Amino acid sequence: MLGPVTTGHPTSPRPHRRGRSRRTRAVLVAVAVAVVLAVAVAVAVLVVPLVRPAGPRPLFQLPVACGETWQLGTYPGHDDYDVDLFPTEGRAWGRPVLASYAGEVTVAGINGSLGGRTPEDPDGPRGRGGGYWVKIDHGGRWETQYLHLLEPPLVRVGQRVAQGEQIGRVGSTGNSGAPHLHYEQRRGWEKVESYFDGAPSGITHDDTEYTVRRESNNCPPG
Ligand SMILES: [Zn+2]
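Keep in mind that this is a model prediction, so the values were computed, not measured.

### Describing the overall build of the protein chain
Looking only at helices and strands, one finds 1 helix and 13 strands in the protein chain. Counting helices and strands in the order they occur from the N terminus, the protein chain gives α-β-β-β-β-β-β-β-β-β-β-β-β-β. Radius of gyration (C-alpha) of the protein chain: 29 Å, far over the 17 Å computed for a compact globule of 222 residues. With the C-alpha coordinates of the protein chain rotated into their principal frame, the extents come out at 115 × 40 × 35 Å. Every one of the 222 residues in the protein chain was classed for burial, and the buried ones make up 36%. Separation of charge centres in the protein chain, based on 24 positive and 22 negative side chains, amounts to 23 Å.

Given below as structure tokens:
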């Protein structure tokens, strides 16, 4: 009986395949390490700043011209801490909207839809949401928002603005009944009571209608 005939040279391609799979494993390990590093960097960059405690409250000023007196108010169904600003003298249309504090513009665009309420057609079709709006990041997780502007904002995303710099004009775009400025101060993800010139506005809820008058101290330095 003859045994199996062999050449003496194993033809199994296994050593070869093992070489390839070793390279494949090395690539997979490299990819896995890269993914883990990317996730770690993303967590560090995105999440850590969000869970860090907020910095001290900036010395916000009323977002309207120095020396003017405006009525600050809210009404049931508004939202807690939201402030609507109306001038106590003169008409609201086109009045300058100023940055409450220095910062970087993070939003300058349209929220919802504009609608068609203009100085020429104040009872035109009502829009949705905030209309033309601006959001400013003041650092330390503090932000301010300015809604229902008349025209496209005068600032662009990424722009640094100084306290008192004009960012837009008062209008009635979006879901707005009459020309006014809807304004919010935010700490982290949350709206908070708006303070102006170091003093609380007193607008902390929307259970009842509430108004208060304040004079703007958003004055040029010096
Ligand atoms: Zn409002």
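From this point on, the discussion continues.
### Focus: the pairing of strand β5 (residues 128–137)
Taking burial as the measure, the 10 residues of β5 include 7 buried ones, the bulk of the element. Sheet topology note: the strand β4 (residues 103–113)/β5 ladder contains 8 bridges and is antiparallel. Counterpart to Gly 109 in the pairing with β5 is Trp 133. Relative to strand β6 (residues 142–149), β5 runs antiparallel, the two being bridged by 5 bridges. Its bridge partner lying in β6, Ile 136 is registered against Thr 144. Linking two consecutive strands that pair antiparallel, namely β5 and β6, is a turn of 4 residues; a positive phi of about 85° is found at Gly 139 within it.

### Here we look at the side chain of Asp 82
Along the chain, Asp 82 falls in the loop between β1 (69–74) and β2 (83–87). Setting aside anything within four residues of it in sequence, one finds Asp 82 in contact with Gly 73, Thr 74, His 182, Tyr 183, Glu 184, Lys 191 and Ile 203.

### Here's the deal with the coordination of the zinc ion
Within the first shell, the zinc ion binds the protein through His 78 (NE2), Asp 84 (OD) and His 182 (ND1), at distances of 2.0 to 2.1 Å. All donors to the zinc ion come from one chain, and their sequence spacing reads H-x5-D-x97-H. Of this pair, Asp 84 sits in strand β2 while His 182 sits in strand β9 (residues 181–187), placing them 98 residues apart in sequence.

### Topic: the state of the cysteines
Applying the stated criterion across every chain yields a total of 1 disulfide. The side chain of Cys 66 participates in a disulfide bridge whose partner is Cys 219; the two sulfur atoms lie 2.1 Å from each other. Note on the Cys 66 and Cys 219 pair: the S-S dihedral is about 85°, so by sign convention the disulfide is right-handed. Of this pair, Cys 66 sits in the loop between α1 (14–51) and β1 while Cys 219 sits in the segment after β13 (210–215); the two residues are 153 residues apart in sequence, bridging distant segments of the chain. Residue Cys 219 is classed as partly exposed on the basis of its relative accessible area of 30%.

### A word on a nonpolar patch on the surface
There is a patch of nonpolar side chains on the surface, built from Val 27, Val 31, Val 35, Val 39, Val 41, Val 43, Val 45, Leu 46, Val 47, Val 48 and Val 51 and spanning about 940 Å² of accessible area. With respect to the element layout, Val 45 can be found in helix α1. Taking the relative accessible area as the measure of exposure, Val 45 reaches 53% and is therefore exposed.

### Looking at the pattern of salt bridges
Inspection of the entire model under this criterion finds 7 salt bridges. The residue Asp 82 makes a salt bridge to Lys 191 at a minimum N-O spacing of 2.9 Å. Of this pair, Asp 82 sits in the loop between β1 and β2 while Lys 191 sits in strand β10 (residues 190–192), and the two are 109 residues apart along the sequence. What makes Asp 82 buried here is its relative accessible area of 4%. One salt bridge in this structure joins Glu 143 and Lys 135, with 3.9 Å as the shortest N-O distance.

### Topic: the side chain of Ser 172
Secondary-structure assignment places Ser 172 in the loop between β8 (166–169) and β9. A residue is classified by how much of its surface remains accessible, and Ser 172, at 1% relative accessible area, is buried. Side-chain polar atoms of Ser 172 contact the side chain of Ser 176, separated by 2.8 Å.

### Considerations on the pairing of β9
Of all 7 residues in β9, 6 are buried, a share of seventy percent or more. Sheet topology places β2 next to β9; 3 bridges connect them, and they run antiparallel. Bridge pairing links Leu 85 to Leu 181 in β9. Both β6 and β9 contribute to a ladder of 6 bridges, which runs antiparallel. The residue of β9 that forms the bridge with Gln 145 is Glu 184. In this structure, β9 lies alongside β10, joined through 3 bridges in antiparallel fashion. If you follow Arg 187 over to β10, its bridge partner there is Glu 190. Here β9 folds back onto β10, and the loop between the two strands holds 2 residues, one of which, Gly 188, carries a positive phi near 65°.

Rules of the game
- Residues numbered from 1 in each chain as written.
- Predicted model: local features only at pLDDT ≥ 70, side-chain atom pairs only at ≥ 80, totals over all residues.
- Heavy atoms only, no water.
- Helix = DSSP H or I, 4+ residues; strand = E, 2+ residues; numbered from the N terminus.
- Rg over C-alpha atoms; globule rule 2.2 N^0.38 Å.
- Buried < 20%, exposed > 50% of the residue type's maximum accessible area, 1.4 Å probe, protein only.
- Lys, Arg positive; Asp, Glu negative; His and termini not counted.
- Charge placed at Lys NZ, Arg CZ, Asp CG, Glu CD.
- Pairing = 2+ DSSP bridges.
- Contact = heavy atoms within 4.5 Å.
- Donors = N, O, S within 2.8 Å, 3.2 Å for Na, K, Ca; no water.
- Disulfide = S-S within 2.5 Å.
- Patch = residues over 30% accessible without salt bridge, like charges linked within 9 Å, V, L, I, M, F, W, Y side chains within 5 Å.
- Areas by Shrake-Rupley, 256 points an atom, 1.4 Å probe, with all protein chains shown as cover.
- Salt bridge = Lys/Arg side-chain N within 4 Å of Asp/Glu carboxyl O.
- Polar contact = N/O pair within 3.5 Å; in protein donor to acceptor, adjacent residues only side chain to side chain.

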